[in-house]
Amino acid sequence: MGKSIIEKILDSHIVEGAPKKGEEIGIKVDQTLTQDATGTAVYLEFEAIGFTDVKTEALSYVDHNTVQVGFENADDHKYLRTVAGKYGITFSRPGNGICHQVHLERFAKPGRVLIGSDSHTPTAGGVGSLAIGVGGLDVAVAMGGGPFYLTYPKVIKINLTGKLQKWVSAKDVILNVLEILKTNGNVGYAIEYAGEGVRTLSVPDRATITNMGAETGVTTSLFPSDEITLDFLMREGRENDWISLKGDPDATYDKVIELNLSEIEPMIALPDSPDNVKTVREVEGTKVNQVAVGSCTNSSYRDLMTVANILKGHVAHKDLEFGVAPGSRQVIAMITENGGMESLVKAGARIMETACGFCIGNSFSPGSGEVSLRTNNRNFKGRSGTTDAKVYLVSPETAAAAVITGTILDPRRLEDIGIRYEDIELPNKFISDDSMFIFPLSREEREKIEILRGPNIKHIPKNEPLPLDIYGSVTIKVGDKVTTDHIMPAGQYLKYRSNIPKYAEHVFEPLDPDFSKRALENKEKGVTNIIVAGESYGQGSSREHAALCPMYLGVRAVFAKTIERIHLDNLANFGIVPLQFINLSDYDAINQGDEIEIPEIVKAIENGSEEIFALDKTTNKEIKLKILLTERQRKFVIAGGLLPYTGKIGGAT
Ligand code: MIC
Ligand code: SF4
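Let me begin by describing the structure that accompanies this report. (Residues numbered from 1 in each chain as written. Chains lettered and ligands numbered in written order. Predicted model: local features only at pLDDT ≥ 70, side-chain atom pairs only at ≥ 80, totals over all residues. Heavy atoms only, no water.)

## Topic: helix H12 (residues 396-405)
Here is the rule we go by: Buried, partly exposed and exposed residues are distinguished by accessible area as a fraction of the type maximum, computed with a 1.4 Å probe on protein chains only: under 20%, between the cut-offs, and over 50%, respectively. Numbering goes from the N terminus for both helices and strands, where a helix is a DSSP run of H or I of at least four residues and a strand is a run of E of at least two. What makes two residues a contact is simply this: any of their non-hydrogen atoms within 4.5 Å.
Counting buried positions along H12 gives nine out of ten residues, so the element sits mostly inside the fold. Within H12 the residues assigned to the buried category are Pro-396, Glu-397, Thr-398, Ala-399, Ala-400, Ala-401, Ala-402, Val-403 and Ile-404. Where H12 is buried, its residues contact strand S15 (290-294), helix H9 (301-311), strand S16 (321-325) and strand S18 (371-374). Count one or two residues on from H12 and you reach Gly-406, which has phi positive near 75 degrees.

What follows is the structure, encoded as structure tokens:
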């Protein structure tokens, strides 16, 4: 029987388990990627496990925490640079660009398995790499040569026909997909694009689409590797990395979605979720206070030149502020060479450094209650750094239309004011200057490197084995679609990523600023903290801190209607038991503050039981829960997580 591309790549990398949909498999990993905000923990874990060598092509990027207010970020960069040097990891220096954009330009390879400690790692699916965003500890283990474990996914084929109209671009395609698939209910699936429409999309377009596929919650998204891929790699001087990849004609898919590119019109995601999608036409006229262009979704040469060309001869509307964060040093060099930078500067753009910046809310936060139009991928409440800001997600074309008019406007209407559409051709040769990478040295040279740890670099805290019975309390009850940005906010607190006790003070802050205090008090009294949640708990970022910090506060179980993939693995990795309500009415009946007993939890996990009963002692009700752990995870959850299980209890210094 024929295979999809995803099946072909997975099957050629399987080292444990059988290729059966829905079952856990272990795969060999070719490449690993970290960024600084998740990376410090990854390398502390790598060291704690006792690895001394990397077995993957490993890359360490610095792009998230580049603000450097205080010593913390700089200390982290120094640690990352020296730890990379010591263990033979390629280090991308701050200033080189956003990990996914740079990786796509210089390292992503068709047919290779990449895992990265960032949920937008599937950007590399734009060249046909099987790229998966995972928790940091999973990256640490893979770097040391261990397999990466995942559920063999079901595959959704998105069959593209037609060709995008003028003023419509890749962002509109993925917003359309999000309108169909939504941000929940897609766990266990992967997306493969196919059909004759694929050939009409360039690699940067494809990468925008696979990047934001992360918002649907699928394991990964990927495009075939064809002559367009070869053409892109040639322009990057990497034609030797090309192989042809396509699904077999008789491959079977678990779902097929037909999408006619010719019918797509400019789309927009309204506050506060990437799946709150409408056509731009429907919200035209809304006044805009801020426009931000950039992020790993839309910061390529094509995207910035599009904006620059539209803005040629215009100045940003007087009532708004306009910022641009280019995706990489390569992008900066090329838009400078081709006149794009000049037109952006003349339009009044505040040129920001090539980094995540506004997207992660550590700069360029909008004013109170303001409307911000952004080309990034997430608009969860508060993520921009301003709780009551209204963040809309748009294409570069729609962003540029707002810069000129100060309102949300369908970019097709720019023609009414005399602006002509211009298709952006990729340059014949990208400017590929790798001098901001520090490549691995010889073993001898590496031995001389001292790993530098400033005072911001703290131990990864230790967890205790799971108690035989849990006596706890519902420390917080939250609703549906609670993201890791709600659990473990980034923005101004990003600088504490390497300092768990300090960062843990802010767990659940956007929802309940007293959570952390309450949880610590419980922990001191010997009461186990339990989190109760609705649908799609833990969607969004891959940050393992959303499990690691609750673990530090004494959380040992989560009861939820559903839990998203990466977060579920992170919970297990740090010894928190993920449990699912079997009767949804139990979610309604349970209250914050209820006293909960889960008798013989260790026994149930050890026995391989699928279900367990908890007793709500406050309401005197029994709650039936499904244990969401694989056989492999059961072993280490009982030990308190993967690090204690391997005999390494954390503490790398
Ligand atoms: C994000 O977009 O939310 C982040 C910041 O890139 C995260 C990683 C992190 O929290 O450090 C992600 O997407 O995984
Ligand atoms: Fe950075 Fe934003 Fe991309 Fe996350 S989504 S990697 S914060 S640019």
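## Considerations on the sheet that holds strand S8 (residues 148-151)
Just so we agree on the cut-off: Here a strand pair is declared whenever DSSP counts at least two bridges between the two strands. Angles here are taken between N-to-C directions and fall from 0 to 180 degrees, while the axes themselves are lines fitted to C-alpha atoms, restricted in helices to the stretch in contact.
Strand order in the open sheet made by the three strands is S1-S2-S8, with antiparallel pairing throughout. The open sheet has two free edges, formed respectively by strand S1 (14-16) and S8, since each of these has just one partner strand. On average, adjacent strands in this sheet sit at an angle of 50 degrees to one another, irrespective of strand direction. Pairing geometry for strand S2 (residues 24-27) and S8, over four bridges, is antiparallel. Bridge pairing in S8 places Ile-25 opposite Leu-150. Of the strands in this sheet, S1 and S2 are in contact with helix H1 (residues 5-13), which crosses S1 at around 50 degrees.

## With respect to the site of ligand 1
Here is the rule we go by: Think of it this way: one heavy atom of a residue within 4 Å of a molecule or strand is enough to make that residue near it. By the criterion applied in these results, polar contacts are pairs of N or O atoms within 3.5 Å in which, for protein atoms, one can donate a hydrogen and the other can accept it, and in which residues neighboring in sequence qualify only through two side-chain atoms. Accessibility throughout is a Shrake-Rupley quantity obtained with a 1.4 Å probe, and a residue counts as covered only by protein chains that appear here. By the convention adopted, Pro, Cys, Tyr, Trp, Phe, Met, Ile, Leu, Val and Ala count as nonpolar, Lys, Arg, Asp and Glu as charged, and the other residues, Gly among them, as polar.
In the vicinity of ligand 1 lie 14 residues, with Asp-118, Ser-119, Arg-497, Ser-542 and Arg-543 positioned nearest. At 2.8 Å, a side-chain N or O of Arg-383 approaches an oxygen atom of ligand 1. One nitrogen or oxygen atom from the side chain of Arg-497 is found 2.7 Å from an oxygen atom belonging to ligand 1. Contact with the protein chains removes 97% of the 340 Å² of surface that ligand 1 exposes when unbound. Here the residues of the shell around ligand 1 are counted per class, giving two nonpolar, seven polar and five charged.

## Brief notes about the layout of surface pockets
Basically, it comes down to this: In the cavity and pocket records, a cavity denotes points on a 1 Å grid over the protein atoms alone where a 1.4 Å probe fits but cannot get out, a pocket denotes an open set with protein on both sides within 12 Å along at least 5 of 7 lines, and lining residues are residues with an atom within 4 Å of a point. Grid points are joined across faces, edges and corners, and a volume is the space filled by probe spheres set on the points.
Its volume calculated, the largest pocket comes out at about 1000 Å³. Lining the largest pocket are 42 residues, with Thr-151, Leu-568, Leu-628, Thr-630 and Gln-633 sitting closest to its centre. Only helix H5 (136-143), S8, helix H18 (565-573), strand S27 (621-627) and helix H21 (631-639) provide two or more residues apiece to the lining of the largest pocket. Broken down by element, the lining of the largest pocket gets its largest block of residues, five residues, from H21. Its residues placed into classes, the lining of the largest pocket shows 15 nonpolar, 14 polar and 13 charged. As for the second largest pocket, its lining consists of 23 residues, and the residues nearest its centre are Thr-200, Ser-202, Asp-205, Asp-423 and Ile-424. For the lining of the second largest pocket, the secondary structure elements donating two or more residues are helix H7 (203-212) and helix H8 (227-235).

## Some remarks on the pattern of salt bridges
Defined as follows: A pairing counts as a salt bridge when a side-chain nitrogen of Lys or Arg comes within 4 Å of a carboxyl oxygen of Asp or Glu.
All told, the structure shown has 42 salt bridges when counted by the stated rule. The salt bridge partner of Asp-75 is Lys-78, with a shortest N-O separation of 4.0 Å. Highlighted residues: Asp-75 and Lys-78, both in helix H3 (residues 72-87), separated by three residues, approximately one helical turn. You can call Asp-75 buried: its relative accessible area is 8%. A relative accessible area of 32% means that Lys-78 is categorised as partly exposed. Arg-350 is the salt-bridge partner of Glu-321, the closest N and O atoms lying 2.9 Å from each other.

## What to know about the packing of helix H2 (residues 36-49) against H5
For clarity, the cut-off: Comment on the angle field: the value is read as roughly parallel under 35 degrees, roughly antiparallel over 145, roughly perpendicular from 65 to 115, and oblique elsewhere. Helix crossings fall into two classes, left-handed where the near helix is turned counterclockwise from the far one by less than a right angle and right-handed where it is turned clockwise.
The N-to-C vectors of H2 and H5 enclose an angle of 50 degrees; their axes lie 8 Å apart at closest approach. The orientation of H2 relative to H5 falls into the category oblique. The two elements H2 and H5 meet at a crossing, and its hand is right-handed. Here Val-42, Tyr-43, Glu-45, Phe-46 and Ile-49 of H2 come into contact with H5, specifically with Gly-136, Leu-137, Val-139, Ala-140, Val-141 and Met-143. For the contact of H2 with H5, the residue count by class is nine nonpolar, one polar and one charged.

## A short note on unusual backbone geometry
A cis amide bond links Pro-271 with the next residue in sequence, Asp-272, at an omega value of -5 degrees. Position of Asp-272 among the secondary structure elements: in the loop between strand S13 (267-269) and strand S14 (277-279). In this structure, Phe-364 is a non-glycine residue whose phi angle is positive, near 55 degrees. With respect to the helices, strands and loops of the structure, Phe-364 is situated in the loop between strand S17 (350-351) and S18. Looking at Phe-364, the relative accessible area reads 10%, which means it is buried. For Glu-600, which is not glycine, the phi torsion reads 50 degrees and is therefore positive. Among the secondary structure elements, Glu-600 is positioned in the loop between strand S25 (595-598) and helix H20 (601-607).

## Points about the site of ligand 2
Around ligand 2, a shell composed of His-64, His-100, Asp-118, His-120, Ser-295, Cys-296, Cys-356, Cys-359, Ile-360, Asn-377 and Arg-383 is seen. A breakdown of the residues in the shell around ligand 2 according to their chemical character gives four nonpolar, five polar and two charged.

## Description of H9
With respect to burial, H9 is a largely interior element, eleven of its eleven residues being buried. Taken residue by residue, H9 has Tyr-301, Arg-302, Asp-303, Leu-304, Met-305, Thr-306, Val-307, Ala-308, Asn-309, Ile-310 and Leu-311 as its buried positions. For H9, the elements touching its buried residues are H7, S15, S16, helix H10 (329-337), helix H11 (340-346) and H12. Just past H9, the residue Gly-313 takes up positive phi, approximately 85 degrees.

## Some thoughts on the pairing of strand S3 (residues 31-35)
A regular strand carries its side chains on alternate faces of the sheet. Short version of the rule: Consider the strands pointing away from the viewer: the crossover is right-handed when the path from the first strand over the helix to the second runs clockwise.
Taking burial as the measure, the five residues of S3 include five buried ones, the bulk of the element. Of the pairings in the sheet, the one linking S3 to strand S4 (residues 57-61) comprises five bridges and is parallel in character. In the strand pairing of S4, Leu-33 is matched with Leu-59. Between the parallel elements S3 and S4, the chain passes through H2 in a crossover that is right-handed. Relative to strand S6 (residues 113-116), S3 is paired through three bridges, and the arrangement is parallel. Following the sheet pairing, Thr-32 is matched in S6 by Ile-115.

## Comments concerning the packing of aromatic side chains
Quick reminder of the rule: Any Phe, Tyr or Trp ring, taking Trp's six-membered ring, that has another such ring centre within 6.5 Å forms a pair; planes under 30 degrees apart are called stacked, those over 60 apart edge-to-face, and the others tilted. The rule is short: NZ of Lys or CZ of Arg within 6 Å of the ring centre and within 35 degrees of the ring normal puts a charge over the ring.
Per the stated rule, a full pass over the model turns up eleven aromatic pairs. Ring centres 4.9 Å apart and planes at 75 degrees place the aromatic pair Phe-508 and Phe-515 in the edge-to-face group. Like Phe-515, Phe-508 is buried. The ring centre of Tyr-189 lies 4.7 Å from the NZ or CZ of Lys-255, which sits over that ring. The ring of Tyr-496 is capped by Lys-502, whose NZ or CZ atom sits 5.4 Å from the centre of that ring.

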